[in-house]
Structure formats: C-alpha cells, structure tokens
Amino acid sequence: MKVPVKVDGRELTLSNLDKVLYPDYGFTKAEVIDYYSRIAPVLLPHLRGRPLTVKRYPNGVTGQSFFEKNAPDHTPGWVRRVTLPAPGSTKNRETIDFAVVDDLPTLVYYANLAALELHVPQWRVDEDGQALPPDTLVFDLDPGAPATIVECTRVAVLLRDVLEQEGLKALPKTSGSKGMQLYADWDCREEPSAYAKRLAQLLEKQHPDQIVSVMTKKLRPGKVFIDWSQNNPAKTTVAPYSLRAREQPTVSTPLTWKEVESCEHPDDLVFTAPDALARVEKRGDLFGRA
C-alpha cells in the first residue's frame, strides 16, 4: 500500500508502512519514519552539509542489508546531491553522487527506504559542494569481549581528561551497538588521524591492561580498542540519534558525563527510539555543538 504525503511542501509516497523492521520488538517502518520525523530537530544539525552513507534493511534487521553511498537513481530532484571523488571505491568509481540530508523531507525519504542507519564523515561540504577541512575529531571505543560498554566508559573518562589537557572538550555518545564514541570540535591543528592515533597510543602505553590502539583481533579480548582511524576523510561514523540495526531499535545516544562515570552495567546505556525521544524532550540536544 502506498500513501502520498506532503512534508514541508515536498510530495513523497510512503510504502509498506506496516512492514515490521525489528521483529523482536515489533517495530514497523511507520514507527521508523515517525521516529526520524520527531527526532529531526536535533538530528538534522548533525547531518547538515555532510555527505550521507546509509545502511539499508529493506526486509528488516534480520534480512539482508547493504551500504549505499551513491544516491539512488529514483532520488527526487529536490534532494541535495554533491559529486565527490571516491578514492579506493570498492566499485572502482572515480566519483560518487552523495545525498546530503539538509531537511526533513530528505530525512523522511531515506527513512522510507528503510535506511535505518545514517553514517556521516567528520567534514562538511560548502554551498558549492566542495569538501571543507574536518571540523570534528572522533574516537570510536570498541570493547573486545568479555569487555563491554562499561569498560568503554572507563576509557572514555581517561580520554576525556587527555583531550581536556589539549584544550579540546569531548562529548560522549553510545554507538547504539556495543561501544561508544567521543567527539570534539576540531581546529585542524594537524592531520586528525595522526593526532588521534598519537593520543590512542599514549593511553595504551599508560594503561596496557585496559587499552589497545591497533585493530589486531588477538590483542583485543578484554580490552577497549580506541579506533582513531575514523578520522580518515574517507571513513564515516554513525550519526548522533541514528537508529542501529540491532534486535531492538537502539539509538546512538548522546550522554552526560555523569551517566558515563556512573555506568555499572551494559544495560545502563541502552536507549531505544522511544527512550531517545523522551531524553531529548527532557534534556534537549546533549550534542548541541553543530
């Protein structure tokens, strides 16, 4: 069944609204679209100007999925698109036509495509579609089992303190999966990946029982991997307030440092779409830096 709607003056056709995309939770496509529509005021500032990569789940989180960088052929003409070089493209493309989610109609368009996960780089494009220097530094904290997000929070505090000494204010969020991320405004004092790598190696040296700075799997059990490589301009990180394709409709959720410091159990930092909406209503955007 197709439903024509008008969103901020743009005409869209929504389809399969009753399709269950999170079977264990009974969460439908209509609820996904509703979530993204309601979270838009705090989500859009973090997407605006950033080339979009999505992970689509047309048959729900238990079905096949695919990453999509190139805007689909059927993308409406009013969706902003930018053509950018694609170094190292897995499909041998020289350029990619990225969509940029600058407004609510574009966000709803992608939600209707079952684009559950929204990923963006640490840089924006200007009005002419040219890439700007990175404006964000990100550290992805990934726990190696049996470590969990609880161990990530301990490492996050250590990393926060180092960044503070460097004059950078870190903001924490859950990944919506098993780990978390720290973001800081970036002033381009040097190449961001090299800078982030140096801090990760410093903390690994100071806390070798807790932290690892290399991706090698055999080194990671029971430790937290500080992934500094997300600062590579070709890489993306899940956006604040994006849904994740887990058993539940979990959300990459901004946190207070008090929540980080007091975390004692992994469940303490699991937030679903309804939780995220309630938090924003109560606290506003804890990531209000865009």
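In this report, the structure presented in the accompanying data block is examined. Because the structure is a prediction, the values reported are computed rather than measured.

1. Re the overall build of the chain
Part 1 of the argument: If you tally the helices and strands in the chain, you get six helices and 15 strands.
Part 2 of the argument: The C-alpha atoms of the chain give a radius of gyration of 19 Å, which matches the 19 Å a tight globule of 290 residues would have.
Part 3 of the argument: Scored against the burial criterion, the 290 residues of the chain give a buried share of 53%.
Part 4 of the argument: Taking the contacts inside the chain whose residues are at least 6 apart along the sequence as the reference set, 66% of them involve residues at least 24 apart.
Part 5 of the argument: Roughly 13,700 Å² of accessible area belongs to the chain as shown, and the carbon and sulfur atoms make up 49% of that amount.
Part 6 of the argument: Of the charged side chains in the chain, 37 are positive and 39 negative, and the gap between their average positions amounts to 3 Å.

2. Points about the pattern of salt bridges
Part 1 of the argument: For the structure on display, the rule yields 16 salt bridges.
Part 2 of the argument: The shortest N-O distance in the salt bridge between R38 and D34 comes to 3.2 Å. Of this pair, R38 and D34 both sit in helix α1 (residues 29–47), four residues apart, roughly one helical turn.

3. A word on empty space enclosed by the protein
Part 1 of the argument: Under the counting rule described, the total for this entry stands at two cavities of 30 Å³ or more.
Part 2 of the argument: In this structure, the second largest cavity occupies an estimated 50 Å³ of space.
Part 3 of the argument: Around the second largest cavity, the lining residues are Y241, T253, P254, A276, R279, V280, R283, G284 and L286.
Part 4 of the argument: Across the lining of the second largest cavity, the residue classes break down as five nonpolar, two polar and two charged.

4. Overview of the sheet that holds strand β9 (residues 115–120)
Part 1 of the argument: If you walk across this open sheet you meet the four strands as β6-β5-β9-β15, and the pairing is antiparallel. Among the strands making up the open sheet, the edge pair consists of β6 (66–68) and β15 (237–238).
Part 2 of the argument: Sheet topology note: the β9/β15 ladder contains two bridges and is antiparallel. Bridging from a neighbouring strand, V120 pairs with T237 of β15.

5. Quick look at the layout of surface pockets
Part 1 of the argument: Of the pockets and cavities examined, the second largest pocket occupies roughly 270 Å³.
Part 2 of the argument: Looking at the second largest pocket, it is lined by 15 residues, and the ones nearest its centre are G176, S177, K178, R246 and V270.

6. Quick word on the packing of α1 against helix α6 (residues 273–283)
The axes of two packed helices give the description: the angle between them and the distance between them.
Part 1 of the argument: Where α1 meets α6, the closest approach of the two axes is 10 Å, and the angle between their N-to-C directions is 35°. Handedness of the crossing formed by α1 with α6: left-handed. Here Y35, R38, I39 and V42 of α1 come into contact with α6, specifically with A273, A276, L277 and V280.
Part 2 of the argument: By residue class, the composition of the contact of α1 with α6 is seven nonpolar, no polar and one charged.

7. Some details on the nonpolar core
Part 1 of the argument: Among the nonpolar cores identified, the biggest contains 45 residues, and V32, Y35, Y36, I39, L107 and Y110 are the most heavily contacted of them.
Part 2 of the argument: When contributions to this core are tallied by element, the ones reaching two or more residues are β2 (10–15), β3 (20–22), α1, α2 (104–112), β9 and α6.
Part 3 of the argument: Element by element, the count of residues in this core is highest for α1, at ten residues.
Part 4 of the argument: Dropping the residues within four chain positions of it, Y110 is found in contact with L52, V54, A71, P72, A99 and A115.

8. A closer look at α2
Part 1 of the argument: Burial of α2 is extensive: nine of the nine residues sit out of reach of the surface.
Part 2 of the argument: Taken together, the buried positions of α2 are L104, P105, T106, L107, V108, Y109, Y110, A111 and N112.
Part 3 of the argument: Residues of α2 that are buried make contact with β1 (2–7), β2, α1, β5 (53–56), β8 (95–99) and β9.
Part 4 of the argument: Of the residues flanking the end of α2, it is A114, one or two places downstream, whose phi is positive at about 60°.

9. Details of the environment of T75
Part 1 of the argument: Mapped onto the elements of the fold, T75 is located in the loop between β6 and β7 (81–85).
Part 2 of the argument: Sequence separation between T75 and A99 is 24 residues, and the spatial gap between their C-alpha atoms is 8.8 Å.

10. Here's the deal with the sheet that holds strand β14 (residues 224–227)
Pairing between the strands of a sheet is mediated by backbone hydrogen bonds and can be parallel or antiparallel.
Part 1 of the argument: With mixed pairing, five strands are arranged side by side in an open sheet as β11-β12-β10-β14-β13. Each edge of the open sheet is held by one strand with a lone partner, namely β11 (170–174) and β13 (211–212).
Part 2 of the argument: Against the sheet, helix α3 (residues 149–165) engages β10 (136–143), β11, β12 (180–185), β13 and β14, with an angle of about 150° to β10.
Part 3 of the argument: Packed onto the sheet, helix α4 (residues 192–206) meets β10, β13 and β14 and runs at close to 40° relative to β10.

How each quantity is defined
The residue count restarts for each chain, going from 1 along the sequence in the order it is written. Residues qualify for local features only when their pLDDT is at least 70, as the model is predicted, and side-chain atom pairs are given and counted only at 80 or more; totals for whole chains, interfaces and linings, by contrast, use all residues. Note that the side-chain values use all heavy atoms of the structure and ignore hydrogens as well as water. Each helix is a run of H or I in the DSSP string that is no shorter than four residues. Each strand is a run of E no shorter than two, and both are numbered from the N terminus. Radius of gyration means the value over C-alpha atoms here, while the globule rule gives 2.2 Å times the residue count to the 0.38 power. Relative accessible area decides the class of each residue, using a 1.4 Å probe on protein chains only: under 20% of the type maximum gives buried, over 50% gives exposed, and in between gives partly exposed. Working rule for contacts: check all heavy atoms of both residues, and any pair within 4.5 Å makes them a contact. Only the protein chains shown count as covering a residue, and every accessible area follows the Shrake-Rupley method with a 1.4 Å probe. Neither His nor the chain termini are counted; the positive set is Lys and Arg, and the negative set is Asp and Glu. Here the site of a charge means NZ on Lys, CZ on Arg, CG on Asp, or CD on Glu. The term salt bridge refers to a pairing of a side-chain nitrogen on Lys or Arg with a carboxyl oxygen on Asp or Glu at a separation within 4 Å. Each cavity reported here is a set of points on a 1 Å grid over the protein atoms alone in which a 1.4 Å probe fits but cannot get out, each pocket an open set with protein on both sides within 12 Å along at least five of seven lines, and each lining residue one with an atom within 4 Å of a point. Grid points are joined across faces, edges and corners, and a volume is the space filled by probe spheres set on the points. Asp, Glu, Lys and Arg are counted as charged, while Ala, Val, Leu, Ile, Met, Phe, Trp, Tyr, Cys and Pro are counted as nonpolar; the rest, among them Gly, fall into the polar class. Note: two strands are recorded as paired if DSSP finds a minimum of 2 bridges between them. The angle between two axes is taken between their N-to-C directions and runs from 0 to 180 degrees, where each axis is a line fitted to C-alpha atoms and a helix contributes only its stretch in contact. Each crossing gets its handedness from the near helix: less than a right angle anticlockwise from the far helix is left-handed, clockwise is right-handed. Residue types Ala, Val, Leu, Ile, Met, Phe, Trp, Tyr and Cys, when buried and joined through side-chain atoms within 4.5 Å, form a set referred to as a nonpolar core.

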